[in-house]
Amino acid sequence: MATTVKLRAGPLEAEFEDGGLRAIVYDGVEIVRGVYAAVRDRDWDTVTPEVDVRQLRQSEGETKVLFQCRHARDEIDFEWDGTIDMSEDGVRFDFDGIARASFLKNRIGFCVLHPMEFAGLPVDVHTEE
């Protein structure tokens with residue numbers, strides 16, 4: 001059973017669960033339904049991670065979560081370190097992983113879910129090279 005931890009940084013709120021964020025709300029308005037790192041096997045089945053929270057630090061204007069996830073099932077063995085930084089300016093979610101075995105997969109990476117009322121609206125995505 002997943003444990004949910006409520007996170008807050010000023011007007012920004014979210015729920016940390018299973019190594020991802022759910023219900024990201026800014027000033028009472030849901031802006032993102034979920035952000036998580038998915039590991040999907042050759043049949044597109046999601047391999048649920050075991051999550052180890054290493055550090056959780058919250059203050060009035062900032063929240064930081066350091067954690068490790070391991071996705072292991074059958075031939076799949078993938079581990080990654082995650083960092084979530086929340087501040088009044090937004091959310092930063094970092095993912096650094098390694099395959100501990102060779103295996104077939106259909107996805108390893110971030111999934112971002114938006115609220116239905118945002119469907120069809122333009123979005124700006126900023127990434128680091």
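Now for a look at the structure at hand. (Residues numbered from 1 in each chain as written. Predicted model: local features only at pLDDT ≥ 70, side-chain atom pairs only at ≥ 80, totals over all residues. Heavy atoms only, no water.)

Describing the sheet that holds strand S9 (residues 105-113)
Taken in spatial order, the five strands of this open sheet run S1-S2-S3-S4-S9, and their pairing is antiparallel. Of all the strands in the sheet, just strand S1 (5-9) and S9 have a single pairing partner and so form its edges. Adjacent strand axes in the sheet meet at a mean angle of 15 degrees when their direction is disregarded. One ladder, built from eight bridges, connects strand S4 (residues 29-41) with S9; its direction is antiparallel. Looking at S9, one finds that Ala38 is bridged to Gly109. (Pairing = 2+ DSSP bridges. Helix = DSSP H or I, 4+ residues; strand = E, 2+ residues; numbered from the N terminus. Axes fitted to C-alpha atoms, helices over the stretch in contact; angles between N-to-C directions.)

Describing the side chain of Gln68
Mapped onto the elements of the fold, Gln68 is located in strand S6 (residues 62-73). Polar contacts involving the side chain of Gln68 include one to the side chain of Arg54, which spans 2.6 Å. Of the polar contacts made by the side chain of Gln68, one reaches the side chain of Asp81; its length is 3.1 Å. Not counting chain neighbours up to four residues away, the residues in contact with Gln68 comprise Glu50, Val51, Asp52, Arg54, Glu79, Trp80 and Asp81. (Polar contact = N/O pair within 3.5 Å; in protein donor to acceptor, adjacent residues only side chain to side chain. Contact = heavy atoms within 4.5 Å.)

A closer look at the pairing of strand S5 (residues 50-58)
Bridge count for S5 against S6 is eight bridges, and the pairing is antiparallel. Bridge pairing in S6 places Val53 opposite Phe67. Between the end of S5 and the start of S6, which pair antiparallel, lie three residues.

Concerning the environment of Gly82
As for its position among the elements, Gly82 is in strand S7 (residues 76-87). Considered as a pair, Gly82 and Ala37 are 45 residues apart in the sequence and their alpha carbons are 9.2 Å apart. Beyond its immediate chain neighbours, meaning those up to four positions away, Gly82 contacts Val65, Leu66, Phe67 and Asp94.

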